[in-house]
Amino acid sequence: MAQLFFRYGAMNSGKSFEIIKVAHNYEEQNKHVLVYTSAVDNRAGVGNVSSRVGEERAARAIAEDTDVYEDLVQYLRETNEKIYCILIDEAQFLKKEHIYQLARIVDDLNIPVMAFGLKNDFLNNLFEGSKYLLLLADKIEEVKTICWFCAKKATMNMRVSEGHPVYEGAQVQIGGNEAYYPVCRKHYHHPPLKDGKIYIERNNEA
């Protein structure tokens, strides 16, 4: 039976690369997959999955008014392909209705869906898409990475502006390493500072 998977991790945990890798593994066996991504994150262009290691893959964009279930059904009608898996990047930016559409794909079409994304924002509040994935997913897995400042597991995302940690502002602000650090709980609340700015000493295990 198909299942809805939610694989979450902090920034820089390799979620997009994992999607590209999973897609490759399916296609190496001549099993077709469809990759979707949120239209909100347009850093690599709308409808494109891009990893920090340089790998990219075209994807179908999910806008606010996209019905993912109907989009997939239309694709299946037009191509007559058998789809073995649906892969979703930046799932945190999806709306409640999108997540229910993904669950419908699993339940009605018997196609597994693997959604990847952040769980919590820079204020440690759940994103809407993540909230409903946590509610509806059959399996929930963590994609792990380490804190920017120490060797502990990163569980939070610190927003940074001109070297300063940011603890207020809009939930969505698109950015990469220049704007967000993956951090542990300790360093989220107490980042190392020097002259008021974040100070990174790579050999510091504090």
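Before reading on, note that the structure itself is shown above.
What counts, and where the lines are drawn
- Residues numbered from 1 in each chain as written.
- Predicted model: local features only at pLDDT ≥ 70, side-chain atom pairs only at ≥ 80, totals over all residues.
- Heavy atoms only, no water.
- Helix = DSSP H or I, 4+ residues; strand = E, 2+ residues; numbered from the N terminus.
- Buried < 20%, exposed > 50% of the residue type's maximum accessible area, 1.4 Å probe, protein only.
- Contact = heavy atoms within 4.5 Å.
- Areas by Shrake-Rupley, 256 points an atom, 1.4 Å probe, with all protein chains shown as cover.
- Phe/Tyr/Trp six-rings, centres within 6.5 Å; stacked < 30°, edge-to-face > 60°.
- Core = buried A, V, L, I, M, F, W, Y, C linked by side-chain atoms within 4.5 Å.
- Axes fitted to C-alpha atoms, helices over the stretch in contact; angles between N-to-C directions.
- Left-handed = near helix turned anticlockwise from the far one by under 90°.
- Nonpolar A, V, L, I, M, F, W, Y, C, P; charged D, E, K, R; others polar.
- Pairing = 2+ DSSP bridges.
- Parallel < 35°, antiparallel > 145°, perpendicular 65-115°, else oblique.

Draft legend 1. Summary view of the overall build of the protein chain. Helix and strand counts for the protein chain stand at five helices and 13 strands. The buried share of the protein chain, reckoned over its 206 residues, is 48%. Residue pairs at least 24 apart in sequence account for 75% of intrachain contacts in the protein chain once pairs closer than 6 positions are excluded. Accessible surface computed for the protein chain: about 10800 Å², of which carbon and sulfur atoms make up 45%.

Draft legend 2. Fine view of the packing of aromatic side chains. Going through the model one piece at a time under the given rule, you end up with six aromatic pairs. Look at F93 and F127: their rings are 5.8 Å apart centre to centre, the planes differ by 90°, and that puts the pair in the edge-to-face class. Placement of the pair is F93 in the loop between strand 6 (83-89) and helix 3 (96-109) and F127 in the loop between strand 7 (113-117) and helix 4 (128-136), with a sequence separation of 34 residues. A single burial state applies to F93 and to F127, both of which are buried. For the ring pair Y100 and Y132, a centre distance of 6.3 Å and an interplane angle of 55° mean the geometry is tilted.

Draft legend 3. Up close: the nonpolar core. Ranked by internal contacts, the top residues of the largest apolar core, which has 29 residues, are I86, I88, L102 and I105. Contributing elements (two or more residues each) for this core: strand 1 (4-8), strand 2 (32-38), helix 2 (68-79), strand 6, helix 3, strand 7 and helix 4. No other element matches the six residues that helix 2 contributes to this core. Contact partners of I88, with chain neighbours within four places excluded, come to I19, Y36, I62, L94, L102, V113, M114, A115 and F116. Judged by nonpolar contacts, the second largest core, of 13 residues, contains F5, V33, A59 and M114.

Draft legend 4. Quick look at the packing of helix 3 against helix 4. Where helix 3 meets helix 4, the closest approach of the two axes is 8 Å, and the angle between their N-to-C directions is 35°. Where helix 3 crosses over helix 4, the handedness of that crossing is right-handed. Contacts between helix 3 and helix 4 involve K96, I99, Y100 and A103 from the first element and E128, G129, Y132, L133, L135 and L136 from the second. Partitioning the contact of helix 3 with helix 4 into residue classes produces seven nonpolar, one polar and two charged.

Draft legend 5. Region of the structure containing the pairing of strand 11 (residues 180-183). The alternating pattern of strand 11 places Y180 and P182 and Y181 and V183 on opposite faces, both of which are buried. Sheet analysis places strand 9 (residues 156-161) next to strand 11, joined by four bridges and oriented antiparallel. Of the residues in strand 11, the one forming a bridge with M158 is Y181.

Draft legend 6. Up close: the packing of helix 2 against helix 3. Where helix 2 meets helix 3, the axes come as close as 8 Å, and the angle between the chain directions of the two elements is 45°. The orientation of helix 2 relative to helix 3 falls into the category oblique. The residues of helix 3 that touch helix 2, namely those facing V68, Y69, E70, L72 and V73, are H98, Q101, L102, R104, I105, D108 and L109. Of the residues contributing to the contact of helix 2 with helix 3, the split by class is seven nonpolar, two polar and three charged.

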